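Below are the chains, spelled out letter by letter.
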Amino acid sequence: MKEIFEQYGGVIVTVIAIVALVALITAIMGGGSSGPVYEAFKGLIDNFAQNAGVAAP
């Protein structure tokens, strides 16, 4: 096990960091019409459309 970490330690850490980053982005973005980012953009677009006096899509 020590030899594996000596040779591939950097690669293992990099792979774990990439997987964690993808999981974090997926959790933040949510699936489809859920998630805080979607709700924020939807609220922004609805508010803009209301202030501009046009119907929101």
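Overview of the structure. Numbers given for residues are sequential positions, taken from 1 along each chain in its written order. Per-residue local features are limited, in this predicted model, to residues with pLDDT of at least 70; the limit for side-chain atom pairs, both in listing and counting, is 80 or more; totals at the level of whole chains, interfaces and linings are taken over all residues. Excluded from the side-chain calculations are hydrogens and water; all other atoms, namely the structure's heavy atoms, are used.

Runs of E in the DSSP output that reach at least two residues are strands. Runs of H or I that reach at least four are helices, and both are numbered from the N terminus. Take the residue count of a helix, subtract one, and multiply by 1.5 Å to get its expected span. Across its 17 residues, helix 2 (residues 36-52) extends 24 Å between first and last C-alpha, which sits within 8% of the 24 Å expected from 1.5 Å per residue. Phi turns positive, to about 80°, at Gly 53, one or two residues after helix 2.

A pair is scored as a salt bridge if a Lys or Arg side-chain nitrogen falls within 4 Å of a carboxyl oxygen belonging to Asp or Glu. Going through the model one piece at a time under the given rule, you end up with one salt bridge. The partner of Lys 42 in a salt bridge is Asp 46, with the nearest N and O atoms 3.0 Å apart. Pair noted here: Lys 42 and Asp 46 are both in helix 2, with a separation of four residues, about one helical turn. Each residue's exposure class comes from its accessible area (1.4 Å probe, protein chains only) as a fraction of the maximum for that residue type: buried when under 20%, exposed when over 50%, partly exposed otherwise. Using a relative accessible area of 38% as the deciding quantity, one classes Lys 42 as partly exposed. Given the relative accessible area of 29%, Asp 46 is considered partly exposed.

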